[in-house]
Amino acid sequence: SGALVAWVALDRLDNDWTPFWNCVLASIRERVPGFGNALGFLPESESAASFESAISAFLNELNQLNDELVVVLDDYHLIEFPAIHHALSYLLEYLPPRAHFYIASRTDLAFPTARLLAKGEVNRIDTNDLQFSLDEGVVFFRDMMKITLTDEQVAELFRQTEGWVSGLQLAAISLQRGGNIAESIRHFNGS
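Cut-offs applied
Residues numbered from 1 in each chain as written. Predicted model: local features only at pLDDT ≥ 70, side-chain atom pairs only at ≥ 80, totals over all residues. Heavy atoms only, no water. Helix = DSSP H or I, 4+ residues; strand = E, 2+ residues; numbered from the N terminus. Rg over C-alpha atoms; globule rule 2.2 N^0.38 Å. Contact = heavy atoms within 4.5 Å. Pairing = 2+ DSSP bridges. Axes fitted to C-alpha atoms, helices over the stretch in contact; angles between N-to-C directions. Buried < 20%, exposed > 50% of the residue type's maximum accessible area, 1.4 Å probe, protein only. Phe/Tyr/Trp six-rings, centres within 6.5 Å; stacked < 30°, edge-to-face > 60°. Core = buried A, V, L, I, M, F, W, Y, C linked by side-chain atoms within 4.5 Å. Parallel < 35°, antiparallel > 145°, perpendicular 65-115°, else oblique. Nonpolar A, V, L, I, M, F, W, Y, C, P; charged D, E, K, R; others polar.

Visitor: Explain the overall build of the protein to me, and be specific about the residues and the numbers.
Guide: Looking only at helices and strands, the protein features nine helices and three strands. In sequence order, the protein lays out its α and β elements as β-α-α-β-α-β-α-α-α-α-α-α. Rg of the C-alpha trace for the protein: 22 Å, well past the compact-globule value of 16 Å for 191 residues, more than 25% over. Along the three orthogonal principal directions, the C-alpha set of the protein runs to about 65 × 30 × 30 Å.

Visitor: Lay out the side chain of S27 with the relevant residues and their values.
Guide: Secondary-structure assignment places S27 in helix α1 (residues 17-31). Dropping the residues within four chain positions of it, S27 is found in contact with A6, W7 and V8.

Visitor: Could you give an account of the sheet that holds strand β3 (residues 99-103), naming the residues involved and the relevant values?
Guide: Judged by pairing direction, the sheet is parallel, and its three strands sit side by side in the order β1-β2-β3 without closing on themselves. Because the sheet does not close on itself, it has two edges, and the strands there are β1 (4-9) and β3. Strand-to-strand, the axes of this sheet are offset by a mean angle of 15 degrees, without reference to chain direction. Across six bridges, the pairing between β1 and strand β2 (residues 69-74) is parallel. Residue A9 lies in a different strand from β2, and its bridge partner there is D74. Its contacts with the sheet place α1 against β1 and β2, and it is angled at close to 150 degrees to β1. Of the strands in this sheet, β2 and β3 touch helix α3 (residues 82-93), which is tilted by about 140 degrees from β3.

Visitor: Can you break down the environment of G36 residue by residue, with the values?
Guide: In this structure, G36 sits in the loop between α1 and α2 (48-63). Of the residues examined, G36 reaches a relative accessible area of 4% and is grouped as buried. The sequence separation of G36 and K119 amounts to 83 residues, and the corresponding C-alpha distance is 29 Å. Every residue in contact with G36, bar those within four places of it in the chain, is listed here: R29 and E61.

Visitor: So, the packing of aromatic side chains: which residues are in play, and what are the values?
Guide: Across all of its chains, the model carries nine aromatic pairs by this definition. Each ring, one from Y90 and one from Y94, has its centre 4.9 Å from the other, and the planes form 50 degrees; the classification is tilted. Linked through ring pairs, W17, F20, W21, F35, F58, Y76 and F111 together constitute an aromatic cluster.

Visitor: Please set out the nonpolar core residue by residue, giving values where relevant.
Guide: Membership of the largest hydrophobic core comes to 36 residues, with the highest contact counts inside it found for W17, W21, F58, L62, L73 and L91. Leave out the neighbours within four places in its chain, and L62 touches F35, L69, L91, L95, P96 and A99. The next biggest cluster of nonpolar side chains, apart from the first, holds 14 residues, and it includes F141, M145, A172 and L175.

Visitor: Would you mind going over the packing of α1 against α3 in detail, with residue names and values included?
Guide: Two elements in contact, α1 and α3, have axes separated by 10 Å at closest approach and are oriented at 40 degrees. Classed by the angle they form, the pair α1 and α3 counts as oblique. The residues of α3 that touch α1, namely those facing W17, F20 and W21, are A83, I84, A87, L88 and L91. Broken down by class, the residue content of the contact of α1 with α3 amounts to eight nonpolar, no polar and no charged.

Visitor: Kindly report on the side chain of Q153, identifying the contributing residues and their values.
Guide: By the secondary structure assignment, Q153 is in helix α7 (residues 151-161). With sequence-adjacent residues up to four places away left out, Q153 is seen in contact with I181, A182 and I185.

Encoded structure:
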C-alpha cells in the first residue's frame, strides 16, 4: 500500500506506561525519523491528566504526518496496565485519517470499541475468520498444493487440523512427500 509501517512486538516487560510508549515511539521513529522528539511524551507523574496531555501531544504529532502510517501492536493481550488501555481508547477515538492502528491480541481488547465499530472504523478478525472452511480446504489442496483428495480425505484432515491453514499446509507437504495418500492421512494427526 505504500504506507509506513511501525511494528511493535510487545512483551510482558512493556506492561507499564513508560516502556509501552517508548516502544511505540521507537518503532515509529524507525519509519519517521524525529517523530515525537519534542513531545515530552512520558509524564513524570502518573496522573490521569498527565496521561491525557501526553496522548493529546501524541495525536498532534500524528496530525502533522504527510504520509500514511500504520502502527501494529502485536501481542497486545500482554498489556494489562489500565492507563495504557484508557490512553489507547482515547487515541483511537481521535486518530487522524492518515494514522492506522492494527492491534493483534489473543483476547478481546480491554477497552470499549463499540462506537468505533458502529462508525465502521474497526475491522475485527477472529479465529473463525482465520480458519478455512471445508470448501476452501478443497480449493487449497486442489489449486494451491496440486493434490487431488476425496471429500472424505479433506474432511479428515480438517478434523485433525481444525481448519488451520498452517496445519493444512503441513499436511499437504507431508502428502506430497509420501507415496500413499490414504496411508499418510491415516498417520497424520495434526500435532
